[in-house]
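Given next are the chains, with one letter for each unit.
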Amino acid sequence: MAPTASNQASNPPAKNPPAKKTSAPEKKYKCQFCNRAFSRSEHRSRHERSHTKERPFKCLKCRSTFVRRDLLLRHDRTVHAKDGGIPLVAEGRRRGGPGVQKSSPAPAPSKPSITIDPATLEQIEASSDGMVDLETAAMLMTDFQHKAAAAATGQVNDRAESDRSFSPGRGSLLEPSAAYLSGNATLPQMPWDTLVSPADMKHHIMGPAFVGQDNGSDLRQLPNVLDRGDHLAPSLHSLVSSLPMSGNSTPNALSPFPSMTGPVSPVNYRRSPGPSQALTLPKAPQIANDMERNMVVERIRNADSLGALPETFQLPSTAALNRYLTTYFNLYHHHLPFLHQESFKPTMTSPPLLLAVLSIGALYTFEREHAFMLHVGSKMLVNQFLQHKENFDSRKCPLWSMQSTLLNMIFESWSGDPKGLEWTCSIKSLLANMVAGNRYQLKVRTEAREGRQPTREEWIEDESCRRTYYAVYIFFGMLTLTFNHTPAMSFDEFDNLELPSSESMWNLDVTDDEAWRLSLSSATTLTVREAHDCLFQGEQTRYSAFATRVLINALFLQVWNHKRTFEALQDVVTEYKLRLALETWESSLEVCEPETIVVPLSTPQNGHPLIFNSMAVYRNTRARLEVDLKSIQEALRYHSSYEVAAAMTVAREKVKRSGEMNKVIQSCFECIEIAAVQGINWVAKTSATNWSVEHPLCGLDLMVILSLWLYRLEHDEEPASEAELAIYNKVRNLFDDDAVDAFGKLSSTVARVWGNILDGVVVWGITKLMGESFKLHAQALIGYEDSLRVAKDQPIHPMPTKTLASVGTAY
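Cut-offs and rules
Residues numbered from 1 in each chain as written. Predicted model: local features only at pLDDT ≥ 70, side-chain atom pairs only at ≥ 80, totals over all residues. Heavy atoms only, no water. Phe/Tyr/Trp six-rings, centres within 6.5 Å; stacked < 30°, edge-to-face > 60°. Helix = DSSP H or I, 4+ residues; strand = E, 2+ residues; numbered from the N terminus. Buried < 20%, exposed > 50% of the residue type's maximum accessible area, 1.4 Å probe, protein only. Lys NZ or Arg CZ within 6 Å of the ring centre and 35° of its normal. Expected span 1.5 Å × (residues − 1). Polar contact = N/O pair within 3.5 Å; in protein donor to acceptor, adjacent residues only side chain to side chain. Core = buried A, V, L, I, M, F, W, Y, C linked by side-chain atoms within 4.5 Å. Contact = heavy atoms within 4.5 Å. Axes fitted to C-alpha atoms, helices over the stretch in contact; angles between N-to-C directions. Parallel < 35°, antiparallel > 145°, perpendicular 65-115°, else oblique. Left-handed = near helix turned anticlockwise from the far one by under 90°. Salt bridge = Lys/Arg side-chain N within 4 Å of Asp/Glu carboxyl O.

*Asks:* Sorry, what's going on with the packing of aromatic side chains here?
*Replies:* Each pair of aromatic rings is reported with the distance of its centres and the angle of its planes. This model, assessed by the stated rule, comprises 16 aromatic pairs. With centroids separated by 6.2 Å and ring planes inclined at 55 degrees, the aromatic side chains of Tyr-332 and Tyr-364 adopt a geometry described as tilted. Of this pair, Tyr-332 sits in helix 12 (residues 318-332) while Tyr-364 sits in helix 13 (residues 351-364), placing them 32 residues apart in sequence. Each member of the pair, Tyr-332 together with Tyr-364, is buried. What links up through ring pairs into an aromatic cluster is the set Tyr-328, Phe-329, Tyr-332, Phe-344, Tyr-364 and Trp-764. Sitting over the ring of Trp-423, Lys-379 keeps its end group 3.9 Å from the ring centre.

*Asks:* Where do I start with helix 33 (residues 765-782) in this structure?
*Replies:* Residues lying three or four places apart along an α-helix face the same way, a consequence of the helix completing one turn every 3.6 residues. End to end, helix 33 covers 27 Å across 18 residues, agreeing with the expected 26 Å (1.5 Å per residue, within 8%). Of all 18 residues in helix 33, 13 are buried; the element is thus mostly enclosed. Just downstream of helix 33 lies Gly-783, where phi reads positive at about 90 degrees.

*Asks:* I would appreciate a short explanation of the environment of Asp-290 in the present structure.
*Replies:* Inspection of the secondary structure assignment puts Asp-290 in helix 11 (residues 290-303). Between the C-alpha atoms of Asp-290 and Ala-319, which are 29 residues apart in sequence, the distance is 9.4 Å. A polar atom in the side chain of Asp-290 sits 2.6 Å from the side chain of Thr-318.

*Asks:* Help me understand the nonpolar core, please; the structure alone is not making it clear to me.
*Replies:* Side chains that are nonpolar tend, in soluble globular proteins, to be buried together. Core analysis: the biggest nonpolar cluster contains 172 residues, and Leu-407, Trp-414, Trp-585, Phe-735 and Trp-764 have the highest contact counts within it. When sequence neighbours within four positions are dropped, the list of residues in contact with Trp-414 reads Phe-475, Met-478, Leu-479, Thr-482, Phe-483, Val-693, Leu-697, Trp-764, Gly-765 and Ile-766. Of all hydrophobic cores here, the second largest spans seven residues; its members include Trp-459, Met-505, Leu-508 and Trp-516.

*Asks:* Could you clarify how one ought to interpret the packing of helix 32 (residues 746-758) against helix 33 in this entry?
*Replies:* For any two helices packed against each other, the geometry is given by the interaxial angle and the distance between the axes. It is at 7 Å that the axes of helix 32 and helix 33 come closest, and there the two elements cross at 165 degrees. Between helix 32 and helix 33, the interaxial angle falls into the category roughly antiparallel. Like other packed secondary-structure pairs, helix 32 and helix 33 cross with a definite hand, here left-handed. Each of Ser-747, Ser-748, Ala-751, Arg-752, Trp-754, Gly-755, Asn-756 and Leu-758 in helix 32 lies in contact with helix 33, whose residues at this interface are Thr-767, Met-770, Gly-771, Phe-774, Lys-775, His-777, Ala-778, Gln-779, Leu-781 and Ile-782.

*Asks:* Would you mind going over the side chain of Arg-549 with me for this structure?
*Replies:* Here Arg-549 lies in helix 22 (residues 545-563). Overall, Arg-549 belongs to the buried group, its relative accessible area being 1%.

*Asks:* So what exactly am I meant to see when it comes to helix 28 (residues 680-690) here?
*Replies:* In terms of burial, helix 28 is a largely internal element, 10 of the 11 residues being buried. All of the buried residues along helix 28 are Ile-680, Trp-682, Val-683, Ala-684, Lys-685, Thr-686, Ser-687, Ala-688, Thr-689 and Asn-690.

*Asks:* What is the right way to read the pattern of salt bridges from this model?
*Replies:* Charged atoms that come close allow side chains of opposite charge to pair. On inspection of all chains with the given rule, the structure shows 25 salt bridges. A salt bridge links Arg-445 to Glu-461, with the nearest nitrogen and oxygen atoms 3.9 Å apart. In this pair, Arg-445 is assigned in helix 17 (residues 428-448) and Glu-461 in helix 18 (residues 456-483), connecting sequence segments 16 residues apart. In this structure Arg-445 comes out as partly exposed when scored by relative accessible area, which is 26%. Taken together, the shared-partner salt bridges in this structure form one network comprising Lys-563, Glu-575, Arg-579, Glu-626, Glu-660 and Lys-663.

All we've got here are geometric facts, nothing functional implied.
Below, the structure written as structure tokens:
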């Protein structure tokens, strides 16, 4: 604070003030929780909040809370000020000190300047007491890195203007016109758009030689006309162009990091033909030329009969559209294959569905601006259709409306933004009604055939419907698993419905009608009820990889329901049956229908990616039988990493030590062992694009349980049993001695490593939230004092593993 006028008059400043006071001020304010001391009481109060988890500074515009006022100011400036609201003012500016109000116009710099917000510096200078804590240092470093990256690409001063062009957090895109868009038209701030700058991502992945090859223009140069293509060259164009346009048997052909290739299992060799007999996936749908792109533009215009799409909406260029189609069908589609790839024609597909597919494809190429723009366009077109459909009837909803809505809900739910999740919850019943109505129409069509075998076109239509129903069922199951939401659909919805076919059958290219009928007659047909009953009777059953994913989703929801009943503790019979069904499900993988289709995705085990995803849900379901972490799942709904981390630490009493718990810990160990065997750094950089989002979602419970169980072994007075020591040592052997020693405890090391894996490369924003939560959880496990020592002595990096050196040389 500047000296007052009276002080200046009575004590004129000397020209050469003596430097007598060199000693630090006395630190007489001691923390009541630890041995730290401070010279000012407000500094002690701020520090004590790290123990009490108090967050007294509340944002009046949303639910967010903060430990310090400067963090609230930064939140308001970066989140709400862009929406046109009145920004909060820092304390220094409120006081109106002469140092704060000084302003001298300066000429524009010759090159972009990189500055840290003065308001933030004022707050720090006023209360730093000669030292900066971890949160403040992290905030400054993050701010500096973001602005440095933006300055390197010449976008520091252009960012605000380019954001206004079609950023989904502001402008006309956010003005809902009907119920489908109620609550939140889209994700307001693109919460993960600054996690890795485009220049940094390219440099990190492909090396400095490739960085100079980006010939893109900034977003302000995009034309505001729908039928003109954009000329935005994204940061990863050269990377994505290396992806194959169709499936092939080359190991890691689809790895987005070609220089870091790893184990791949393109064909399921379990009871399957040899590689020479493997079927090749059809090529990813493409737009042949600008003429076809113009056809798509015209179809979008016709669908937008009310002119609701803003003027700033524009369809990307043909090359960009083909990139998005390639990444969707090669990277995302295999994890939820409800679209028929061969018959998906961009020029004939319904515009809302096409835009929804393109939006997810754009996410996987890290072109997030286009991803959000296309996503908003899809939502608006679906909204127009639903709101202006005369005599709305769920039975008359076309399949594309259900598929578009599903993809839009997926986009919003895993975005990392709480408003997106709230929008998803607001229309869950709408999607469930669409499924019910469409399923009734499928039943009517099937009965009308009177036992006649369907033609290939009829079968594709029916199978598309069935796969879409199951995709919705699986997605709702993941909402329950992640956020503890009550399931929006019951298992009885699909009682007599056939399970989905094999992927080989789904992608079969047969032009001969007789050969097709022979393939259809030889295919295994089983209803959901029949397969489900076999699981509870302990009978191994043969079904497809997609059916495997459907059935483990059903078992998970049954376990979830069982644990929510009042009789769960006494109902040992039901729990025994559920354990038997889970064991039967796992053993049935041995007789699963062989998939001869080539899926060029890097997965650590033999089999289709659907099998890999199913195993993640299976491990989570087994853990749910022993440990209920619903407090963490409910905290996740509000997307605050501090609240999630606090819930993780409080859940310590939920994790017991017993023989049955050892089996759960074994599943937890298998989860992190997969990453360790592959190489933790490699997994952190590739799993986001090669593995499904189900893996981090399912792994959350497992890693919390593992870290808390290790913490109990490290701190309980009761000595560890022989079985517990064996598991502890298996986990310990995954890490180098230096890694564990640097972070104090094995429990904290596991949490921090998992956090580094989750936010290594971000496609879905929810993984960034979980990564930050695990890092905060790791700090809590070793204590605040230890975390300060570690941060001071050694920078935080992803942990090496003992297998990393050997694995890395093979890649």
